[in-house]
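Summary of structural features
Now for the letters of each chain:
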Amino acid sequence: MNKLKQNYYGSLCTEMYEILHETASANELQFYLSYAEKGMKILEPMCGSGRFFIPFLESGLDISGMDLSKEMLKKLKQKVSSAKVIQADIIEYSVKEKYDYIFIPSGSISLFTDMHMCKNILRKMKNLLVPSGKFVFAVDTVFNRFVNDSDYKVDISVKTKEGFDLVLKSKHYYDEQSQTQFSPGIYELYQNTKLLQSEPMDFQTHLYRLGEMEQYLRECGFKDILTYSSYQKEIAVNDDCEIFIYECSN
């Protein structure tokens with residue numbers, strides 16, 4: 001069994017993601033749509049299987065996307081074959097296009113646990129914006145840290161459309177010093193008790209404290225930064241919330 005790249009969404013992971021998160025929650029979707037206007041050029045890096053991308057497209061917006069996972073993009077293209085998406089690593093992603101609005105929802109920036117790499121991505125997003133553009137994204141907070149586990153246990157079990165059982169077994173370890181949540185997992189697909197397929201995932205996230213990302217954004221050249229604790233745009237005042245959402249402009 002080959003070890004997958006850190007945080008790579010393979011075939012079984014993608015299948016479970018689609019079952020659990022086929023559509024975006026209404027309040028989260030409306031939050032990100034609130035920044036979009038007809039005529040804007042919009043980019044969703046890490047667009048996955050399209051739960052935000054497709055509603056933007058269906059609203060008549062000019063949106064492009066990219067994602068590292070070919071499995072995720074295959075799902076998106078099955079839904080909308082004409083979608084302007086490419087498979088690329090956000091770290092290496094390079095285009096001449098400039099965008100009015102870039103958004104990365106659902107805490108995906110937290111997947112980058114190397115802070116030097118994270119800052120490079122933030123700089124890249126800034127450079128992809130027009131002078132008046134906005135970058136809006138969310139991260140997970142230290143409020144989400146898990147109790148440490150010593151052994152793998154079943155976290156999630158779902159039924160596929162074929163009637164198979166798709167199971168995620170995980171264990172968790174939180175490192176206080178680096179603020180990294182380690183959650184190695186194994187996805188397993190069963191027909192009754194017969195194991196049909198397994199897939200490992202080295203899942204890691206960086207959990208943020210208030211003020212931390214703001215400093216990184218200023219270092220990367222963003223001038224105007226607002227930090228929200230909810231999709232109702234409540235200003236964050238402490239770490240006692242599940243997400244921080246940042247609204248940034250040059």
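The present account deals with the structure reproduced in this document. (Residues numbered from 1 in each chain as written. Predicted model: local features only at pLDDT ≥ 70, side-chain atom pairs only at ≥ 80, totals over all residues. Heavy atoms only, no water.)

1. Considerations on the overall build of the protein chain
- Each helix and strand in the protein chain was counted, giving six helices and 12 strands.
- Scaling as 2.2 N^0.38, a compact globule of 250 residues should have a C-alpha radius of gyration of about 18 Å, and the protein chain matches this with 18 Å.
- Overall size of the protein chain, expressed as C-alpha extent along the three principal axes, is 55 × 45 × 30 Å.
- Within the protein chain, buried positions represent 54% of all 250 residues.
- Counting contacts in the protein chain only where the partners sit at least 6 residues apart, residues at least 24 apart contribute 64% of the total. (Helix = DSSP H or I, 4+ residues; strand = E, 2+ residues; numbered from the N terminus. Rg over C-alpha atoms; globule rule 2.2 N^0.38 Å. Buried < 20%, exposed > 50% of the residue type's maximum accessible area, 1.4 Å probe, protein only. Contact = heavy atoms within 4.5 Å.)

2. Re the environment of Phe 164
- Within the secondary structure, Phe 164 sits in the loop between strand S6 (153–159) and strand S7 (165–170).
- What makes Phe 164 partly exposed here is its relative accessible area of 21%.
- On a C-alpha basis, the gap between Phe 164 and Leu 196 in space is 9.3 Å, while along the polypeptide they are 32 residues apart.
- If near-sequence neighbours (up to four positions away) are discounted, Phe 164 is found in contact with Val 158, Lys 159, Leu 189, Tyr 190, Gln 191 and Leu 196.

3. Side note on the pairing of strand S2 (residues 62–67)
- Counting buried positions along S2 gives five out of six residues, so the element sits mostly inside the fold.
- Sheet topology note: the strand S1 (residues 41–45)/S2 ladder contains five bridges and is parallel. Across the sheet, the residue bridging to Pro 45 is Met 66, located in S2.
- Each parallel crossover has a hand, and for S1 linked through helix H3 (residues 53–58) to S2 it is right-handed.
- Following the backbone out of S2, through helix H4 (residues 70–79) and into the adjacent parallel strand S3 (residues 85–87), one traces a crossover that is right-handed. (Pairing = 2+ DSSP bridges. Right-handed = clockwise from strand over helix to strand, strands pointing away.)

4. Things to note about the pattern of salt bridges
- Here the structure, examined in full by the defined rule, presents 13 salt bridges.
- Residue Lys 84 pairs with Asp 62 through a salt bridge whose shortest N-O separation is 2.7 Å. Note that Lys 84 is positioned in the loop between H4 and S3 and Asp 62 in strand S2, a separation of 22 residues in sequence.
- With a closest N to O distance of 2.9 Å, Glu 188 and Lys 169 form a salt bridge. Taken together, the residues Glu 188 in strand S9 (residues 180–191) and Lys 169 in strand S7 connect sequence positions 19 residues apart.
- For Glu 188, a relative accessible area of 11% corresponds to the buried category.
- When its relative accessible area of 25% is taken as the criterion, Lys 169 is described as partly exposed.
- Ionic contacts of the salt-bridge type, sharing partners, join the residues Lys 41, Asp 62, Lys 84 and Glu 97 into one network. (Salt bridge = Lys/Arg side-chain N within 4 Å of Asp/Glu carboxyl O.)

5. So, helix H2 (residues 26–33)
- All buried positions along H2 are accounted for by Glu 28, Leu 29, Phe 31, Tyr 32 and Leu 33.
- Residues of H2 that are buried in the fold lie against H3, strand S4 (99–104), strand S5 (129–140), strand S11 (224–228) and strand S12 (243–249).

6. A look at the environment of Ala 236
- Locating Ala 236 in the fold gives a position in the loop between S11 and S12.
- Each C-alpha atom of the pair Ala 236 and Tyr 246 lies 10.0 Å from the other, and the pair is 10 residues apart in sequence.
- With residues up to four places along the chain from it excluded, the contact list for Ala 236 reads Leu 210, Thr 227, Tyr 228, Ser 229 and Phe 244.

7. So, the nonpolar core
- Core analysis: the biggest nonpolar cluster contains 45 residues, and Leu 122, Phe 135, Phe 137 and Met 213 have the highest contact counts within it.
- Only helix H1 (11–20), S4, helix H5 (115–127), S5, S7, S9, helix H6 (212–219) and S12 provide two or more residues apiece to this core.
- Broken down by element, the residue count for this core peaks at five residues, all from H5.
- Setting aside its immediate chain neighbours within four residues, Phe 137 contacts Tyr 32, Ile 104, Ile 109, Leu 122, Met 213, Leu 217, Phe 244, Ile 245, Tyr 246 and Cys 248.
- Of all hydrophobic cores here, the second largest spans 29 residues; its members include Tyr 35, Leu 73, Val 80 and Ala 138. (Core = buried A, V, L, I, M, F, W, Y, C linked by side-chain atoms within 4.5 Å.)

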